[in-house]
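# Coordinate inspection notes
Residue strings, one per chain:
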2 protein chains.
Amino acid sequence: MITNTAPKYEYMPSEGIEKIHETTMRVLEEFGIAFSHDEAVDALERAGCEVDRDALPAPLVKFPRELVMEQIAQAPREFTLHARNPQNNVIIGGNHMVLAPVYGPPNVQDLDKGRREATMEDYRNFVKLAQVVPDLHNAGGTVVEPNDEPQETRHLDMMHALLTLSDKPFMGNVVSAENANDCIELAAIVFGGRDVLAKQPVMLSLINVNSPRLYDTRMLDALMTYVRARQPVLVTPFILAGAMSPVAVGGTLVQQNAEALAGITLTQLVNPGTPVVYGSFLSNSDMQSGSPAFGTPESAAALLVSAQLARKYNLPFRGGGGLTSSKVPDGQAMWEAMMTLFPTFLAGTNFVLHAAGWLESGLVSSYEKFVMDVELLKMMQVFLGGIALDDEGLALDAFEEIGPGGYFFGAAHTMRHFRDAFYRPLVADVQNYIRWEQKGAETADVRANRVWKKWLNEYARPAMDSAIQEALIEFMARRKQEIV
Amino acid sequence: MITNTAPKYEYMPSEGIEKIHETTMRVLEEFGIAFSHDEAVDALERAGCEVDRDALPAPLVKFPRELVMEQIAQAPREFTLHARNPQNNVIIGGNHMVLAPVYGPPNVQDLDKGRREATMEDYRNFVKLAQVVPDLHNAGGTVVEPNDEPQETRHLDMMHALLTLSDKPFMGNVVSAENANDCIELAAIVFGGRDVLAKQPVMLSLINVNSPRLYDTRMLDALMTYVRARQPVLVTPFILAGAMSPVAVGGTLVQQNAEALAGITLTQLVNPGTPVVYGSFLSNSDMQSGSPAFGTPESAAALLVSAQLARKYNLPFRGGGGLTSSKVPDGQAMWEAMMTLFPTFLAGTNFVLHAAGWLESGLVSSYEKFVMDVELLKMMQVFLGGIALDDEGLALDAFEEIGPGGYFFGAAHTMRHFRDAFYRPLVADVQNYIRWEQKGAETADVRANRVWKKWLNEYARPAMDSAIQEALIEFMARRKQEIV
């Protein structure tokens, strides 16, 4: 993980943050949030919420603000997510940043085979890539949808791949309570039982709100299952402003805040003290076409304010990534990725989903964009790493040695530091035009194509006890039989 | 111009800024700066500097810190640059940002004709593009080098183009004192005489330091000429760290600061109170190849600190732009441009040279990249524009209208605001894959190609009094005869 000690960028003055908070409390008290889940509604009612069971499309829950503030205060400020390889343990929260690959796309794209439906092989490839790259600290979850596996059982194959091909922390399946339970059982085999998991959480799962103001049954089933097993969740309103929220960033932030705090309150009522992350997935619709638009200036601003809100509530924050609406890893893809990634880092985001590989509004996992995004992640780390002002950093001996009009290439100070003084690019090309042309006049995506292949070649499967391997296979086989 | 009221990003803690300041003062007092110009050296010596006239490659001047602080305090915090069309007047300094096109490339590139030597036609095209685009507030200077015009007289044709094809402020030629004087004379014809210019500055010229620690004769000739005519200059150390400065960002910032403050001190001794801008052009060498590298993480950090230093000295700040080492407007070009532009805006940079069109480490002015950069400039303005939290911004009536799980597209609040609620992209494509493919599967550069042609079509030459037009032609003809 990254420890980011750079100052956070406080985009919105504190009075603005207070105004959003106050309005959020009004929305929770006066408008409420709908929960399509009896047990969840029961728990909220018992805690003092006002419930309208006849409301449509689901029971409407109104939250007293004292309850919300009391409950969210129980969630830890930061927590450790344990990995199969303890060197890959990460802290979620505080000054730490954990980067995870793209999540959710049904398709993949690369320069060799073009755009196509993703398969289990692609799934394994992206897990391997996230394992190889030190700048990613999480193996991911649905890095792609493996469409060649039956829908009812593919969560088993995905979790098996995450557990065996990677030794980094990972994300659980959220399609149903049953799936979530299978993921917990598989993890329990690897980590030594459900009791161990409850003490040392190993998986972080993505609970999306069906915005506006609705938690659906499927997501609440998954939320309840993970939280009861004391596995942390990312409670994330999924908002494209203008469609799922008002066509205004202020109101959208209020809605997101109300939705997130309502869900986080529920997690603490179900299992007090369970780690939970304040999530934001907030962009806007293109109001001409109705299409989702990513890497927009509004989403960049909203990301910074979302992080400010999470800090106000002392909760770890998830947001940002390398988002874009572009169909190919071209100029647009990369300026939009930067438009999201730069504020992601300035916000000190604690968990960054979609940090690498996202393309086409999240419909495609791109092999080349994955590599290009990793370049951005590396650069952002150097950027926020600070500037040394000790004797070697100030280099006064170099000034003594090199006079006006001179060259520093040969200075003693340069000799001491040239190897690691500056960032070395991964795919960016700094050669002059003639050399670049002689080497094939390659664009960045063509160079990136070579890099992911090299990474897949370098991939080494982390060792795993054979008894555990067999137990995993056995569990999967049994469950597949039960399910089919 | 832009009024940027967003908070500045204070990258470096104030103790760091103080340490850089202190070390800078030591460099000025103990190591000194070389000035290859007798009059400049005389002025500095008279003011109390210690001068070694026998030093090589030029007289070495050591500055008492009190003198430096006294002199730079005379330069105005902000000033107005006057335009032929008073609606295009801009303030340089304070919370204002003025954006100017690329400066210096000998080549141009577009998708139709590829990379080639720039001509006077290209020069005129880029001046026209900067005139058409409202997001650029300055017509530029050497938008390209027009290689088809004789070197000795091309400054006349360039200045004539700036004065007649644009009615925005512009930049003067700095090749020699004679050239600078020609530019002032031409401007005087348009603005009503040298006296008017002295009261209402109209041109801003780029004085580069021949780093490390050397002001050469040519640049000092231009500086003295402009400053005596009370036209502001951008005093800008030109530094690729590792070559022209130590291979360390801290020492490089010290050197830049010493060089800039020395030159600014000179401007105030020559003509006290003349407006001057603290300039930074700071990137690093790729230490493997020795090539210049742009859009690097080190340059992003240095840019923010440079702006902090300029603020400390109450001086307007120039820096940043859309810099890249890429040879084509691909993914690399745009992530590197963003790596520089994002901090440019976070720093509240007052004058941004190279804001649009820069490609290939500054060797190429790209028509397509120009358009793509303008998209970034538009987005950054929206990003820093803030979030409205009034009643319409919070949209509580929309929450009242649209319940859980609903869609906001039809809400009354949406009807009131959908037209201008969110940024509308210039070249970014948000269509779905099928539509995008049906429309030709265009990458961003292909779409940008259409935009600059449309802009050139839309260009309208601003009106100018025919007597002034004739006087300009007459002056040019006379000077060309004298020079040849």
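Data block above holds the structure.
All of these numbers come straight from a predicted model, not from anything done at the bench.

Definitions and limits used
Residues numbered from 1 in each chain as written. Chains lettered and ligands numbered in written order. Predicted model: local features only at pLDDT ≥ 70, side-chain atom pairs only at ≥ 80, totals over all residues. Heavy atoms only, no water. Helix = DSSP H or I, 4+ residues; strand = E, 2+ residues; numbered from the N terminus. Expected span 1.5 Å × (residues − 1). Buried < 20%, exposed > 50% of the residue type's maximum accessible area, 1.4 Å probe, protein only. Polar contact = N/O pair within 3.5 Å; in protein donor to acceptor, adjacent residues only side chain to side chain. Phe/Tyr/Trp six-rings, centres within 6.5 Å; stacked < 30°, edge-to-face > 60°. 1 Å grid on protein atoms, 1.4 Å probe; cavity = no way out; pocket = protein on both sides within 12 Å on 5 of 7 lines; lining within 4 Å. Points joined across faces, edges and corners; volume = space filled by probe spheres on them. Nonpolar A, V, L, I, M, F, W, Y, C, P; charged D, E, K, R; others polar. Pairing = 2+ DSSP bridges. Contact = heavy atoms within 4.5 Å. Buried area = accessible area lost by both parts, 1.4 Å probe. Salt bridge = Lys/Arg side-chain N within 4 Å of Asp/Glu carboxyl O. Least-squares fit on C-alpha atoms with pLDDT ≥ 70 in both. Axes fitted to C-alpha atoms, helices over the stretch in contact; angles between N-to-C directions. Parallel < 35°, antiparallel > 145°, perpendicular 65-115°, else oblique.

## Quick notes on helix H11 (residues 331-346) of chain B
Residue and element names in this part refer to chain B. A rise of 1.5 Å per residue sets the reference length of H11, with its 16 residues, at 22 Å; its end C-alpha atoms lie 22 Å apart and thus fit the reference within 8%. The element H11 is largely enclosed, with a buried count of 16 among its 16 residues. The opening residue of H11 is aspartate 330, an N-cap whose side-chain oxygen sits 3.3 Å from the backbone nitrogen of glutamine 332. Trailing H11 by a residue or two, glycine 348 shows a phi angle of about 65°, which is positive.

## Side note on the packing of aromatic side chains
Under the defined criterion, the tally for this structure stands at 38 aromatic pairs over all chains. Ring centres of tyrosine 278 of chain A and phenylalanine 317 of chain A lie 6.3 Å apart, and the angle between their planes is 40°; on these two criteria the pair is classed as tilted. Of this pair, tyrosine 278 of chain A sits in strand S13 (residues 276-279) while phenylalanine 317 of chain A sits in strand S16 (residues 317-318), and the two are 39 residues apart along the sequence. Accessibility assignment for this pair places tyrosine 278 of chain A and phenylalanine 317 of chain A in one class, buried. Ring plane angle 80° and centroid distance 6.4 Å describe the contact between phenylalanine 370 of chain B and tryptophan 455 of chain B, whose orientation is recorded as edge-to-face.

## Some details on the layout of surface pockets
Residues and elements named next belong to chain A. Approximately 890 Å³ is the volume attributed to the largest pocket. Along the walls of the largest pocket sit 38 residues, with Tyr103, Asn208, Arg218, Met219 and Phe238 positioned nearest its centre. For the lining of the largest pocket, the elements supplying multiple residues, two or more each, are helix H5 (154-165), strand S10 (205-209), helix H8 (217-228) and strand S12 (233-241). Looking at the lining of the largest pocket residue by residue, the classes come out as 18 nonpolar, 14 polar and six charged. Approximately 680 Å³ is the volume attributed to the second largest pocket.

## With respect to the sheet that holds strand S19 (residues 364-366) of chain A
Residue and element names in this part refer to chain A. The strand order across the open sheet built from four strands is S9-S8-S19-S18, with neighbouring strands paired in mixed fashion. Among the strands making up the open sheet, the edge pair consists of strand S9 (114-117) and strand S18 (358-359). Direction of pairing for strand S8 (residues 107-110) relative to S19: parallel, over a ladder of three bridges. When the bridges of S19 are listed, glutamine 109 appears paired with serine 366.

## Some remarks on the interface of chain B and chain A
Accessible area lost on assembly of the parts is the figure often given for the size of an interface. Contact with chain B, which involves 118 residues of that partner, is made by 118 residues of chain A. Carbon and sulfur atoms supply 74% of the area buried between chain B and chain A, which totals about 9,400 Å² over both sides. When the buried surface of chain B facing chain A is broken down by residue, Trp335, Phe399 and Phe422 of chain B rank first, second and third, together holding 9% of it. If you look at where chain B meets chain A, you find two salt bridges. The salt bridge involving lysine 327 of chain A is made with aspartate 429 of chain B; its shortest N-O contact spans 2.7 Å. Counted by class, the side of chain B that touches chain A contains 70 nonpolar, 29 polar and 19 charged residues.

## A closer look at the relation of the copies chain B and chain A
Turning chain B through 180° and shifting it by 0.0 Å along the axis lays it on chain A, with an RMSD of 0.0 Å. Such values leave the two copies arranged in the relation of a two-fold axis. Residue glycine 331 of chain B of chain B places its C-alpha closer to the rotation axis than any other residue of that unit, at 2.0 Å. Here 100% of the interface residues in chain B have copies in chain A that are interface residues too; the copies meet face to matching face.

## A look at the pattern of salt bridges
Opposite charge on two side chains allows them to pair when their charged atoms are near. All names here are of chain A. Evaluated as defined, the whole model comprises 52 salt bridges over all chains. Between glutamate 392 and arginine 416 there is a salt bridge, with its nearest N and O atoms 2.9 Å apart. Of this pair, glutamate 392 sits in helix H13 (residues 391-394) while arginine 416 sits in helix H15 (residues 412-417), placing them 24 residues apart in sequence. Taken together, the shared-partner salt bridges connect Glu178, Asp182, Arg478, Arg479 and Glu482 into one network.

## What to know about the packing of helix H12 (residues 367-383) of chain B against helix H17 (residues 444-458) of chain B
Residue and element names in this part refer to chain B. Two elements in contact, H12 and H17, have axes separated by 8 Å at closest approach and are oriented at 95°. Judged on the interaxial angle alone, H17 and H12 are roughly perpendicular. Residues Tyr367, Glu368, Phe370, Val371, Met372 and Val374 of H12 form the contact with H17, whose participating residues are Ala444, Asp445, Ala448, Asn449, Val451, Trp452 and Trp455. In terms of residue class, the contact of H12 with H17 is built from 10 nonpolar, one polar and two charged.

## What to know about the environment of valine 27 of chain B
As for its placement among the helices and strands, valine 27 of chain B is situated in helix H1 (residues 14-31). Measuring from C-alpha to C-alpha, the distance between valine 27 of chain B and arginine 213 of chain B comes to 9.9 Å, with 186 residues separating the pair along the chain. The contact partners of valine 27 of chain B, leaving out residues within four places of it in the chain, are Leu396 and Phe399 of chain A together with Gly32, Val254 and Ala258 of chain B.

## Concerning the packing of helix H5 (residues 154-165) of chain B against helix H18 (residues 466-483) of chain B
All names here are of chain B. Their axes nearest at 10 Å, the elements H5 and H18 cross at an angle of 170°. By the angle class used here, H5 and H18 are roughly antiparallel. When H5 is examined against H18, the residues His155, Leu156, Asp157, His160, Leu163 and Thr164 are found in contact with a partner set consisting of Leu472, Ile473, Phe475, Met476, Arg479, Lys480 and Ile483. Residues belonging to the contact of H5 with H18 are distributed by class as follows: seven nonpolar, three polar and three charged.

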